[in-house]
Amino acid sequence: MQLTAAACDLLTKKTDCLVLVLGNQQDDPPLQSPKHIDTTIEDLIKKLKESGDIKETIGSSIVINNPDGLQAKRLLIFSSGEKSLNEQSFIKLATSVGSKLIGLPIKDALISLEDIAICGREKTWEAQQFSRILGEQNYSSGSLKTSIKKIPSLKKVTLALSSAVDLQKIKQACILGSSIAKGVNLSRYLGDLPGNICTPSYLATEAEKLAAQHPQVACKILNEKEMTTLGMGSLLSVTAGTQQPAKMIILQYFGANKKDSPVALVGKGVTFDSGGISLKSGAGMDEMKYDMCGAASVLGIFSMLIDMNLRLNVVGIIPAVENMPGGSAIKPGDIVTSMSGQTIEILNTDAEGRLILCDALTYANRYKPKIMIDIATLTGACVMTLGGHASALLSNNDALAESLEIAGNSSGDRVWRLPLWGEYDKQLKSNFADMANIGGRTAGTITAACFLARFIKNGAWAHLDIAGTAWKSGADKGSTGRPVPLLAEFLIKEASND
Ligand code: BES
Ligand code: MN
Ligand code: ZN
């Protein structure tokens, strides 16, 4: 689907469907008629309101075929529901506009942006979010179904403005939004693939494919032998019970001066988490194919970087393993030595994410990153704490945490910060090694982050626990592509600050 912007007259422009959003101009009462239509349409809207066909709830809509006074074949009228929209309600509105459009038998649509106002946001922001949301809705998860797939007929969406002022910037925002959506959809696709297809080797091949698309992207894959030489005893202990070879995937994107220190993104890539010898219970275990969504988000971000040529350097590091029980699997009570030299008593083989991430974080130091962010479906406790609404954020740096919070609010892909206090870190005490890999029943998301913090040197670091946000369960089961929108927004800001 192509998404663009144009300055045009809503009355005379030919389109399969014109979309109008009823007024949410900040000082107006709700359901005001848009400002750029003529009296015929205004009368029509008035009647629809009087008859109760248009309601004040956000996203409620009505389609009118062959409307008088317009060149459009259909008029789709939406209620914005509120006097002034905020970011979250705009995202809700754009999502309902998108799903309505995709359900119609139309090839193109024209959405009037002129009458949508969001406190403190420019038209470029609206255009970027609209393009991203519509692009994401173009995704279908049934790639392995043999039945014929329904491809939406909608091919082109134009955001309409009344004047050409800022048009170039708005068009650019559409391109940006679409390329973020492409990254989100790659991440979702990889997340939705089953564990028997999406193995560590599969992820490595995907990374190589991305690198082949751009001269400024390099990819390196470390095999188990190389990881043994590097002393990654913690990561290798997780892969001991499986037949699938572990891979350490390193992607580098050079968008700035080669010497500029990069942002490092480290993504948990457990392609299936059975729990290992501390085996998980059977119910819902299939969802542990999603335990590589941190890795998938790093690959999604690289897809966006390749499309957008952002002016910064990024290194993506993906420790990819499968966590299985087996004759040679690690056992509770085993002690391993991490690449950092610190020893770890493994009290639960199901707390494997931190065991692979710690060696990946140590390895990431080689790239001397100015910022390090790890992304992981790390704890069930995070799902209990924040549900599917926000990812947990833990950081040793207030400025970095704040930038991530801002990027979260702007993209709608929000985070909520939790503390990293010393009291929690104490829960990791082991009688036999430098630390245990679990911190007891309480504060599981925080103790997991405290474990990772022990492998961070002095630099700015943030940990995103995406266990609740990376996929949905139930009837809508599927990967969400989060936190690609959050990280994209963060990196765009970083690139413009340099
Ligand atoms: N991949 C899981 C975390 C997870 C669980 C994500 C449920 C989403 C839904 C992780 O490897 C894990 O098993 N964590 C354990 C840690 C515990 C043993 C300290 C958990 O959260 O139960
Ligand atoms: Mn686990
Ligand atoms: Zn896991």
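Conventions adopted
Starting from 1, residues in each chain are numbered consecutively following that chain's sequence as written. Just so you know, chain letters begin at A and ligand numbers begin at 1, following the order they were written in. Residues qualify for local features only when their pLDDT is at least 70, as the model is predicted, and side-chain atom pairs are given and counted only at 80 or more; totals for whole chains, interfaces and linings, by contrast, use all residues. Excluded from the side-chain calculations are hydrogens and water; all other atoms, namely the structure's heavy atoms, are used. The disulfide criterion used throughout: a pair of cysteine sulfur atoms within 2.5 Å. The cut-offs for exposure are 20% and 50% of the maximum accessible area for each residue type, with area from a 1.4 Å probe on protein chains only; residues under the lower value are buried, those over the upper are exposed, and the others partly exposed. Listed donors are limited to N, O and S atoms within 2.8 Å of the metal, widened to 3.2 Å for Na, K and Ca; water is not among them, so incomplete-looking sites are possible. Site shape is set this way: if four donors have all angles between 85 and 135 degrees, tetrahedral; if opposite donors are over 155 degrees apart and all others between 65 and 115, square planar for four donors and octahedral for six; otherwise irregular. Strands are runs of DSSP state E lasting at least 2 residues, helices are runs of H or I lasting at least 4, and numbering of each runs from the N terminus. What makes two strands pair is DSSP finding at least two bridges between them. Salt bridges are defined by distance alone: a side-chain nitrogen of Lys or Arg within 4 Å of a carboxyl oxygen of Asp or Glu. Working definition: residue near molecule or strand if any one of its non-hydrogen atoms lies within 4 Å of it. What qualifies as a polar contact is a pair of N or O atoms within 3.5 Å, subject to a donor-acceptor requirement within protein and to the restriction that residues adjacent in sequence count only when both atoms come from side chains. A 1.4 Å probe and the Shrake-Rupley method give the accessible areas. Residues count as covered only by the protein chains that appear here. Under the grouping applied here, Gly and all other residues not named as nonpolar or charged are polar, the nonpolar ones being Ala, Val, Leu, Ile, Met, Phe, Trp, Tyr, Cys and Pro and the charged ones Asp, Glu, Lys and Arg.

**A look at the state of the cysteines**
The full count for this structure, using the stated rule, is zero disulfides. Between Cys-17, a cysteine without a disulfide, and Cys-8, which holds the nearest cysteine sulfur, the sulfur-to-sulfur distance is 14 Å. Looking at Cys-174, it has no disulfide partner, and the nearest cysteine sulfur is the one in Cys-8, 12 Å off. Exposure remark for Cys-174: the relative accessible area of 0% places this residue in the buried category.

**Looking at the coordination of the manganese ion (ligand 2)**
Those donors, Asp-273 (OD), Asp-350 (O), Asp-350 (OD) and Glu-352 (OE), are the protein atoms that reach the manganese ion (ligand 2), and they lie 2.1 to 2.2 Å from it. Angles of 71 to 167° at the metal separate the six donor atoms of the manganese ion (ligand 2), which places the site in the irregular class. For the manganese ion (ligand 2), the single-chain donor residues occur in sequence as D-x76-D-x1-E. Between the manganese ion (ligand 2) and the zinc ion (ligand 3) the interatomic distance comes to 3.2 Å, and Asp-273 is a ligand of both metals. Taken together, the positions of Asp-273 in strand S10 (residues 269–273) and Glu-352 in the loop between strand S13 (343–345) and helix H9 (353–364) put the pair 79 residues apart, joining distant regions of the chain. For the pair Asp-273 and Glu-352, a shared accessibility class is recorded, and that class is buried.

**Some words on the sheet that holds S13**
With mixed pairing, three strands are arranged side by side in an open sheet as S12-S13-S17. Strand pairing shows two members of the sheet lacking a second neighbour, strand S12 (335–337) and strand S17 (435–436), which therefore form its edges. As judged from the three bridges shared by S12 and S13, these two strands associate in the antiparallel manner. Bridge pairing in S13 links Ile-335 to Glu-345.

**Side note on the pattern of salt bridges**
Applying the stated criterion across every chain, the model contains 17 salt bridges. Note that Lys-209 and Glu-206 form a salt bridge whose closest N and O atoms lie 3.0 Å from each other. Linking Lys-209 with Glu-206, this pair stays in helix H5 (residues 200–212), spanning three residues, or about one helical turn. A relative accessible area of 48% means that Lys-209 is categorised as partly exposed. For Arg-417, the salt bridge is made with Asp-398, and the minimal N-O distance between the two is 3.0 Å. Taken as a pair, Arg-417 in strand S16 (residues 415–417) and Asp-398 in helix H11 (residues 398–411) lie far apart in primary sequence, 19 residues in all.

**Focus: the site of ligand 1**
Taken together, 16 residues form the shell around ligand 1, and within it Lys-280, Asp-291, Asp-350, Glu-352 and Gly-380 come nearest. A distance of 2.9 Å is found between an oxygen atom of ligand 1 and a side-chain nitrogen or oxygen belonging to Asp-273. The contact in question runs from an oxygen atom of ligand 1 to an N or O atom on the side chain of Lys-280, over 2.8 Å. Protein burial of ligand 1: of its 510 Å² of free accessible surface, 77% is covered by the chains. Here the shell around ligand 1 is composed, by residue class, of five nonpolar, four polar and seven charged.

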